Amino acid sequence: MPTKRRRIDRRRKAQVTREAVALFVQCEALYPIRNAHFMRECGSDGRCGECQAYLDAKLKLNDLLGIEPWMRDIEEVDTAEPPGDLDPLRAKAWRRTWQLRCALEAEVERAR
Ligand SMILES: [Zn+2]
């Protein structure tokens, strides 16, 4: 139903605040580093400054967007359709995160 879809879109848009966009940009920049360092010690506390900065930004972003610990991180959600092996709840969460990611990327584009 179009009415219902519009309402969801507004709610997503409302979550895409300037703070969320800034955190998203930060996460996007740091994610490749974190990914390369994943599963190995890269600092004195097991984490280098960049990995720590990524995790801090990600936690804040997840908090703002309502991404729960059991859900995939926004950087992992890189296709509109979820992988086939996700259960219905996680698949639904994937699609929601995808909508948020698209909204955030649109804001980043607009700001360029
Ligand atoms: Zn690191």
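Right above here is the structure, for reference.
Fair warning: this is a prediction, and the values are worked out from it, not measured in the lab.

Details of the overall build of the protein chain
Each helix and strand in the protein chain was counted, giving four helices and zero strands. Secondary structure elements in the protein chain, listed N-terminal to C-terminal, are α-α-α-α. Expressed along its principal axes, the backbone C-alpha trace of the protein chain runs to roughly 55 × 35 × 20 Å. Looking at the protein chain as a whole, 35% of its 112 residues qualify as buried. Of the contacts made within the protein chain by residues no fewer than 6 positions apart, 55% connect residues no fewer than 24 positions apart. Carbon and sulfur atoms make up 52% of the accessible area of the protein chain, which totals about 7,700 Å². Of the charged side chains in the protein chain, 22 are positive and 19 negative; the average position of the first set lies 9 Å away from that of the second.

A look at the coordination of the zinc ion
Within the protein, the zinc ion binds to His 37 (ND1), Cys 42 (SG), Cys 48 (SG) and Cys 51 (SG); these donor distances fall in the range 2.0 to 2.3 Å. Geometry at the zinc ion is tetrahedral, judged from the four donor atoms that bind it and their angles of 102 to 116° at the metal. In primary sequence terms, the donor set of the zinc ion follows H-x4-C-x5-C-x2-C. In this pair, the class of Cys 48 matches that of Cys 51, namely buried.

Details of the packing of helix α2 (residues 18-37) against helix α4 (residues 88-111)
When two helices pack together, their arrangement is given by the angle between the helix axes and by the axis-to-axis distance. α4 packs onto α2 with a crossing angle of 95° between their chain directions and a minimal axis gap of 10 Å. Comparing the axis directions of α2 and α4 gives the class roughly perpendicular. Contacts between α2 and α4 involve Ala 20, Val 21, Phe 24, Val 25 and Glu 28 on the former and, on the latter, Arg 101, Leu 104, Glu 105, Glu 107 and Val 108. Here the contact of α2 with α4 is composed, by residue class, of six nonpolar, no polar and four charged.

With respect to the nonpolar core
Counting residues in hydrophobic clusters, the biggest one holds 19 residues, and the most contacted among them are Phe 24, Leu 61, Leu 65, Ile 74 and Leu 104. Those elements that place two or more of their residues in this core are α2, α3 (49-65) and α4. No other element matches α2, which puts six residues into this core. Not counting residues up to four positions away in its chain, the partners in contact with Leu 65 are Gln 15, Ala 20, Ile 74, Arg 96, Leu 100 and Leu 104.

How each quantity is defined
- Residues numbered from 1 in each chain as written.
- Predicted model: local features only at pLDDT ≥ 70, side-chain atom pairs only at ≥ 80, totals over all residues.
- Heavy atoms only, no water.
- Helix = DSSP H or I, 4+ residues; strand = E, 2+ residues; numbered from the N terminus.
- Buried < 20%, exposed > 50% of the residue type's maximum accessible area, 1.4 Å probe, protein only.
- Contact = heavy atoms within 4.5 Å.
- Areas by Shrake-Rupley, 256 points an atom, 1.4 Å probe, with all protein chains shown as cover.
- Lys, Arg positive; Asp, Glu negative; His and termini not counted.
- Charge placed at Lys NZ, Arg CZ, Asp CG, Glu CD.
- Donors = N, O, S within 2.8 Å, 3.2 Å for Na, K, Ca; no water.
- Tetrahedral: all angles 85-135°; square planar, octahedral: opposite > 155°, others 65-115°.
- Axes fitted to C-alpha atoms, helices over the stretch in contact; angles between N-to-C directions.
- Parallel < 35°, antiparallel > 145°, perpendicular 65-115°, else oblique.
- Nonpolar A, V, L, I, M, F, W, Y, C, P; charged D, E, K, R; others polar.
- Core = buried A, V, L, I, M, F, W, Y, C linked by side-chain atoms within 4.5 Å.

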